[in-house]
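# Structural overview
Spelled out from the first residue to the last, the chains are:
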Amino acid sequence: MDEIQNSTRSRQNPLNRGPRGNIFLTRVIGHIDLDYFYAQVEEVEKPSLKGRPVIVCVFSGRTEDSGVVSTANYEARAFGVHSGMPIVQAKKKLEGRNPEVIRMDHEKYEVISGRVMDDVGRMVDALEPTGIDEAFFDITDSAGSDYGRARRSADSIKEAVMKGEHLTCSIGIGRSKVIAKLGSDMAKPGGLMIITPEDTESFLAPLDASRIYGVGPKTTSTLGEMGIMTVGELAKADPAELERRFGRKFGKYLLAAATGSDADPVVAGLEPTQYSRIVTLRRDTRDAKEVAEQLSEGVQYIHGKLLHSGKSFKTLTAIGILTDLSTKTRSKTFETAVSDPSLMSETLPALFDELSGTTGREFRRAGVRVSGLEDVEDQTSLSEFLRPAR
Ligand code: TTP
Ligand code: CA
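The structure contained in this document is the topic of the report that follows.

Reading the values: rules and limits
- Residues numbered from 1 in each chain as written.
- Chains lettered and ligands numbered in written order.
- Predicted model: local features only at pLDDT ≥ 70, side-chain atom pairs only at ≥ 80, totals over all residues.
- Heavy atoms only, no water.
- Near = heavy atom within 4 Å.
- Polar contact = N/O pair within 3.5 Å; in protein donor to acceptor, adjacent residues only side chain to side chain.
- Areas by Shrake-Rupley, 256 points an atom, 1.4 Å probe, with all protein chains shown as cover.
- Helix = DSSP H or I, 4+ residues; strand = E, 2+ residues; numbered from the N terminus.
- Nonpolar A, V, L, I, M, F, W, Y, C, P; charged D, E, K, R; others polar.
- Contact = heavy atoms within 4.5 Å.
- Salt bridge = Lys/Arg side-chain N within 4 Å of Asp/Glu carboxyl O.
- Buried < 20%, exposed > 50% of the residue type's maximum accessible area, 1.4 Å probe, protein only.
- Pairing = 2+ DSSP bridges.
- Core = buried A, V, L, I, M, F, W, Y, C linked by side-chain atoms within 4.5 Å.
- Phe/Tyr/Trp six-rings, centres within 6.5 Å; stacked < 30°, edge-to-face > 60°.

Within the structure, ligand 1 sits among 13 residues, and Tyr36, Ser70, Thr71, Arg77 and Lys188 are positioned closest to it. Here an oxygen atom of ligand 1 sits 2.7 Å away from a polar atom, N or O, in the main chain of tyrosine 36. In isolation ligand 1 offers 560 Å² of accessible surface; the protein chains occlude 69% of this area. Mapped onto the shell around ligand 1, the elements with two or more residues apiece are β3 (29-34), α2 (37-45), β5 (67-72) and α3 (74-77). The class makeup of the residues in the shell around ligand 1 is 5 nonpolar, 3 polar and 5 charged.

Here it is as structure tokens:
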């Protein structure tokens, strides 16, 4: 049975020859990018915002409206609002459009980003996060280099992100990182673009050279001087001339990118630096004990993660999301790394008590996070340490 599957696989799968003539499977590389991330998170949290212009802002605090737009949903973008625009200007553009202006809550987006990356990471061979809302992934092995199977994997990833966090994302799939990134850019918002190895050349050729990852205004202008406007023209450029103008490394990269043969691998993200769990409370409350009790499953989950990865932690953080949906945190750092679940459960009520004392609002959601992870190695757990010697 195995043999039959294997032979079917090798007949269906495009094989490439490497530089030394060795045969290797065509890579299947993906790029996932969450749509209008911060603003979409806010919409998910408050569905009544859907359909209205939403801008998420970083207030500098100098005057009431000084600061910039961090991101905006598509309703706001339709009126010319974009990331980096002064809040005052964005408000002008949205005058009379009933916009919702929201203060950026980085902590909240980090937590959600972490959960998305965890979920997607489990569905791919390797995941390389490159920002809070984007990552490259490799599914060459799991898709068996078959682009039909790759499409189904990408659909499953999109469904998982929707089911887990109610967020839409855009995905591009191709045989290199450059192609995958171009694909996700073009698929925005909410789409999936698959560029098969056979279609790669015709896909790339007409694009502006400036769309290639890493090609900024300066490179675009030098390419322009060489009479190169499109990726297709770049692919036909003289390699020696490219290296002379741009240096050996970047010259080679440009040519590889333009022919869709850039070989940069997907490097699985570094080990996790933290574990967290957030729950929606059964009712809004300020009672720290009640909050901590409802996190007992979260504590068990984190304990499992620690055991599994052979880690202990130094810092424990209580995360409170209040009824006004702002996120507040309180942390305790231990002198030596610990991993004991009962220590987490015992410390959390005090942290939530401190939080509730400073906020004056009820908690709607609550979470627990451990960070400052260290390898357990031969370090004894706290409970063992405290156990009386026999
Ligand atoms: P992007 O992925 O660049 O933008 P986006 O997710 O808002 O929109 P798109 O649908 O086009 O992908 O950035 C991710 C997040 O990073 C974004 O939601 C907010 C934040 N960000 C800033 O805070 N300032 C900025 O200038 C940019 C570009 C992004
Ligand atoms: Ca994005």
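Before going further, it helps to spend a moment on the environment of valine 68. Here valine 68 lies in strand β5. Between the C-alpha atoms of valine 68 and histidine 82, which are 14 residues apart in sequence, the distance is 9.6 Å. Dropping the residues within four chain positions of it, valine 68 is found in contact with Val56, Cys57, Val58, Gly84, Met85, Pro86 and Ile87.

Next up on the list: the pattern of salt bridges. Under the defined criterion, the tally for this structure stands at 21 salt bridges. Ionic pairing is found between lysine 91 and aspartate 65, a salt bridge with its closest N-O pair at 2.9 Å. You can see lysine 91 sitting in helix α4 (residues 87-93) and its partner aspartate 65 sitting in the loop between β4 (54-59) and β5, a full 26 residues away along the chain. Where arginine 245 meets glutamate 241, a salt bridge forms, and the shortest distance between an N and an O atom there is 3.2 Å. Here glutamate 241 and arginine 245 lie together in helix α11 (residues 239-246), a separation of 4 residues that amounts to about one turn. A relative accessible area of 23% means that glutamate 241 is categorised as partly exposed. Residues participating in the shared-partner salt-bridge network are Glu42, Glu45, Asp105 and Lys108.

So, about the pairing of strand β7 (residues 126-131). Sheet topology places β7 next to strand β8 (residues 134-138); 5 bridges connect them, and they run antiparallel. Across the sheet, residue proline 129 finds its bridge partner in β8, namely alanine 135. In this antiparallel pair of consecutive strands, β7 and β8, the connection spans 2 residues.

A word on the nonpolar core. Formed by 33 residues in total, the largest nonpolar core has its most connected members in Ile32, Phe137 and Ile173. Elements represented by at least two residues in this core include exactly β3, α2, β4, α5 (106-123), β8, α6 (147-165) and β9 (169-174). The next biggest cluster of nonpolar side chains, apart from the first, holds 26 residues, and it includes Tyr275, Val299, Phe352 and Leu373.

Moving on to the packing of aromatic side chains. Taken as a whole, this structure holds 8 aromatic pairs when the rule is applied. Pairing phenylalanine 250 with tyrosine 253 gives two aromatic rings, centres 5.8 Å apart and planes at 15 degrees, and the pair type is stacked. Here phenylalanine 250 pairs with tyrosine 253, and both are found in helix α12 (residues 248-258), just 3 residues apart, close to one helical turn. Take phenylalanine 250: its relative accessible area is 27%, and that puts it in the partly exposed class. Under the relative-accessibility criterion, tyrosine 253 is labelled partly exposed at 24%.

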